[in-house]
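# Secondary and tertiary structure notes
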Amino acid sequence: MPDTTDRELTFAQAVREALAEEMRHDSRVCILGEDVAEAGTPFKVLSGLVEEFGTNRVFDTPISEAGFTGIAVGAAMTGIRPVVDIMFGDFLTLTMDQMVNQAAKIHYMSGGKWKVPMVLRTTLGASRRSAAQHSQSLHAWLCHVPGLKVVIPSTPADAKGLLKTAIRDENPIIFFEDKMMHHKLKGPVPTGEYTIPLGVAEVKRVGKDISLIATSSMVQVALGAADMLAEIGISAEVVDPRTLWPLDEKTLIDSAKKTSRAIVIDEGYGRYGVTSELASVISEGAFYDLDGPVLRMGAMHVPIPFSPPLEDLTVPTEKMLFDAAKKLCSKS
Amino acid sequence: MTPQTEEAVNMFSKELALHAYRQMLRIRMFEEQVNELYTRALMPGLAHLYSGEEAIAVGICEALKKEDYVTSTHRGHGHCLAKGATPNLMFAELLGKEAGYCHGKGGSMHIADPATGNLGANAIVGGSMGIATGAAFSSKYLNNGLVAVCFFGEGALGQGLLYEVLNIAQLWKLPVIYVCENNLYNEYTHYSETTAGDICARATAFGVKAETVDGQDVQAVYSKAKQLIDDARAGGGPAFLLCNTYRYTGHHVGDINREYYRTKQEEQEWKTGRDPIQLHGERLLHEGFTDKATLDALESEVREEMKAAVEFAIATPYPALEEVEMHVYA
Ligand SMILES: Cc1ncc(C[n+]2csc(CCOP(=O)(O)OP(=O)(O)O)c2C)c(N)n1
Ligand SMILES: [Mg+2]
């Protein structure tokens, strides 16, 4: 990565910049989704792109998620590099046959003859008081399927570099953005052109007593918890895998071996989820160096409730993570 | 006017006409308060207002029995109220309170109420098409004579599910009415940019009878709905009713600056020339069903009803925290 300057971008600006750069480089890159053109999406992530690239590159679609995702699959096979916008991650369910039975398998089933170079951008994350059908974090579903890659950045700089790589990749990739980070999270983003490879985790904070393995929105939570832990003399390391598949197993395992304790934190459901998988990877790889079980922390196992006091219980917080980490460290 | 519609119009008695007026007014005033709650930052999240479209929910629900089923959308307050919901419990739900219809778990986009046949509002565009058709399936299976109405916006015409259930409903002659509320916009995009061909032809392609009605005219909506509902109840199978309408305000309460997708002039034309409440009020006066003073008094009465409901909702408590894990399984 080139030198970081003092330039700060929001997460949304970083995503937009990645798309704009790739669209300038490669005329095959286009955007399909609902209200992506003049409206720039309801989250205003794509504002300005239609002005630069026109409606021949930025396509407003009908509310037909299965249809336009399927079109992206076919277009990707035949020379286009579509970036599909699925407004809320909850609507992924409507695209699932196209992603799981079609996009994910075409390369393999054709013996490597066809490729599906497409990106599906969507959101995750609760806390917007949007209730059960607009708050889910369903990224684990996609991680389960061979043939798909899953990218889940936590900072503006990572979002930009990883999205550029994803667009250039030859495979179907699902790119998850926490909708609470779009405008609220700002961070330094290098001015020059750069990409970040898939499958490379990053240590976001170095520590020695416990590893907090966190994804997307939970990285900020982990960093906050690490600050709190520092105050009581516990040094926490925060590691962000950045892509869930491919997965940088080594960095996670090495961190856990070094600290001897690990908690995995992710906003999806823990049951059969991302935290379960990462915890297994760490347990298998670092077992003999661990001083305690690898803990999982994810969304509560309930549909996300609307009522604010209830919704707030469902998402892991700095305090919950702090308490769990403190307890784990005091046991050994 | 054909003899049949004349008969239908006649069925819109004075009593019904006055009740329809009151119901439309209640929806309008309910939402006035919703917007107020939003601007005063008292409501969590967002809400999608139905103002301008009241004649559809009211015209249709007046033609339904209390036990008949409806499914609703993200823009669902009007459907709920028209089907008989109580404002107190709706506002409590909008504020996430225990007393709300869904114990605060659903919020604005998910109000459900078995007592009034409300199978639930749905935040997935087109998400209730299977549910409504399923309710019609059970009606036929149980032979209980109930009808199901599926309300959806024209944006939902983009969902493939509609075409699957239309086909099945017609094959199996299910008592379901698909009510398409064409308010011209899918969020921030004009429907003409997302909708090819003729809307009703999509239904008639399956042999489902389709009608179009002025969605600003509660009497016209009622008359058409009554025919289609009675026919469905008698075993005549499904129908599709296209209601042309307009939403007065933003896609949701936070959608304030709308000039990039529609003009203020267009909004003004609908509000002044085609307001369903005003038009129906004029009709009531013209028919001599009521007088101006009574209508004015009704407006204050309804506004007070809604204000009191808001006060109830603000004062009533949030659910106990243990409730978060209740209702995941039956
Ligand atoms: C499957 C799905 N896709 C997208 C959305 C986001 N969304 C919510 S409302 C809406 C527009 C709906 O338009 P329409 O059906 O005409 O209803 P209206 O809002 O006009 O009442 C969209 C795209 C959604 N809720 N569900
Ligand atoms: Mg619409």
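Please read these numbers as outputs of a predicted model, since none were measured by experiment.

The linkage connecting A:Trp245 with the following residue, A:Pro246, adopts the cis geometry, with an omega of 0°. Among the secondary structure elements, A:Pro246 is positioned in the loop between β12 (243-245) and α9 (249-259). If you check the backbone angles, B:Lys173 has positive phi at about 50° while not being a glycine. Counting through the fold element by element, B:Lys173 comes out in the loop between α7 (161-171) and β4 (176-182). A positive phi angle is found at B:Leu184, which is not glycine, with a value near 80°. Within the secondary structure layout, B:Leu184 lies in the loop between β4 and β5 (185-186).

Our focus in this paragraph is helix α6 (residues 129-142) of chain B. Residue and element names in this part refer to chain B. Compared with the 20 Å implied by 1.5 Å per residue over 14 residues, the 20 Å span of α6 between its first and last C-alpha is a close match. All of the buried residues along α6 are Met129, Ala132, Thr133, Ala135, Ala136 and Ser139. Down the axis of α6, the buried side of the element spans an arc of 150°, and every buried residue falls inside it. Exposed residues pointing more than 90 degrees away from the buried face of α6 are listed as Tyr141 and Leu142. Elements in contact with the buried residues of α6: β1 (69-72), β2 (118-121), β3 (148-153), α7 and β4. The first or second residue beyond α6 is Asn143, which carries a positive phi of 55°.

For the rest of this paragraph, the subject is the site of ligand 1. Around ligand 1, the structure places 22 residues, and the nearest of them are A:Glu65, B:His74, B:Arg75, B:Ala123 and B:Asn183. Among the chains of the assembly, those with residues near ligand 1 are chains A and B. Take B:Ala156: an N or O atom from its main chain is 3.4 Å from an oxygen atom of ligand 1. For ligand 1, an oxygen atom lies 2.8 Å from a polar atom in the side chain of B:Asn183. A breakdown of the residues in the shell around ligand 1 according to their chemical character gives nine nonpolar, eight polar and five charged.

So, on to the packing of helix α1 (residues 11-25) of chain A against helix α6 (residues 156-168) of chain A. Residue and element names in this part refer to chain A. Two elements in contact, α1 and α6, have axes whose closest approach is 8 Å; the angle formed by their N-to-C orientations is 30°. Classed by the angle they form, the pair α1 and α6 counts as roughly parallel. Crossing angle aside, the handedness with which α1 passes α6 is right-handed. Across the interface between the two elements, Phe11, Ala14, Val15, Glu17, Ala18, Leu19, Glu21, Glu22 and His25 of α1 pack against Pro156, Ala159, Lys160, Leu163, Lys164, Ile167 and Arg168 of α6. Partitioning the contact of α1 with α6 into residue classes produces nine nonpolar, one polar and six charged.

Within the UniProt annotation, "domain: Transketolase-like pyrimidine-binding" (unreviewed entry) is assigned to residues 9-183 of chain A. As a span, residues 9-183 of chain A carries 39% helix and 18% strand, and end to end its C-alpha atoms are 9 Å apart.

This part takes up the interface of chain A and chain B. Interface size is often expressed as the accessible area that is lost when the parts come together. Chain A puts 34 residues into the contact, and the matching count from chain B is 34 residues. For the pair chain A and chain B, the interface holds 12 residue pairs in polar contact (both at pLDDT 80 or more). Per-element accounting of the side of chain A that touches chain B gives the leading share, five residues, to helix α11 (residues 308-314) of chain A. Partitioning the side of chain A that touches chain B into residue classes produces 18 nonpolar, eight polar and eight charged.

Residue and element names in this part refer to chain B. Inspection of every chain in the model, using the stated rule, returns 14 aromatic pairs over all chains. Residues Phe137 and Trp172 carry aromatic rings whose centres are separated by 5.8 Å and whose planes lie at 50° to one another, so their mutual orientation is tilted. Of this pair, Phe137 sits in helix α6 while Trp172 sits in the loop between α7 and β4; the two residues are 35 residues apart in sequence, bridging distant segments of the chain. On the basis of relative accessibility, which here comes to 39%, the residue Phe137 falls in the partly exposed class. Look at Tyr185 and Tyr246: their rings are 6.4 Å apart centre to centre, the planes differ by 75°, and that puts the pair in the edge-to-face class. Here Tyr185 is found in strand β5, whereas its partner Tyr246 is found in the loop between β8 (239-244) and α10 (264-273), with 61 residues between them in sequence.

About the thresholds
All residue numbers refer to position in the chain's written sequence, counted from 1. As they are written, the chains are lettered A onward and the ligands numbered 1 onward, keeping that order. Only residues with pLDDT of at least 70 are given local features in this predicted model, and only at 80 or more are side-chain atom pairs given and counted; all residues enter the totals for whole chains, interfaces and linings. Think of the side-chain values as coming from all heavy atoms in the structure, minus any hydrogens and water. Secondary structure follows DSSP: runs of H or I at least 4 residues long count as helices, runs of E at least 2 residues long count as strands, and numbering of each begins at the N terminus. To estimate the expected span of a helix, count its residues, drop one, and scale the result by 1.5 Å. For every residue, the accessible area obtained with a 1.4 Å probe (protein chains only) is divided by the maximum for its type, and the residue is called buried under 20%, exposed over 50%, and partly exposed between those limits. Arc definition: it is the arc formed by the directions from the helix axis to the C-beta atoms. Note on definitions: a residue-residue contact is assigned when non-hydrogen atoms from the two residues lie within 4.5 Å. The near set for a molecule or strand comprises every residue that places at least one heavy atom within 4 Å of it. For this analysis, a polar contact is any N or O atom pair within 3.5 Å, provided that within protein one partner can donate a hydrogen and the other can accept it, and provided that sequence-adjacent residues contribute only side-chain to side-chain pairs. Basically, the charged four are Asp, Glu, Lys and Arg, the nonpolar ten are Ala, Val, Leu, Ile, Met, Phe, Trp, Tyr, Cys and Pro, and anything else, Gly included, counts as polar. Helix axes are fitted only over the stretch in contact, all axes being lines through C-alpha atoms; the angle between N-to-C directions runs from 0 to 180 degrees. Should an angle lie under 35 degrees it is considered roughly parallel, over 145 roughly antiparallel, and from 65 to 115 roughly perpendicular; all remaining angles are considered oblique. Handedness of each helix crossing follows the sense of rotation of the near helix against the far helix: counterclockwise by less than a right angle gives left-handed, clockwise gives right-handed. UniProt positions are given in the numbering used here, feature names are shortened, and annotations may be inferred rather than shown by experiment. Paired rings are identified among Phe, Tyr and Trp, the last through its six-membered ring, by centres lying within 6.5 Å, and are further divided according to the angle between planes into stacked (under 30 degrees), edge-to-face (over 60) and tilted (the rest).

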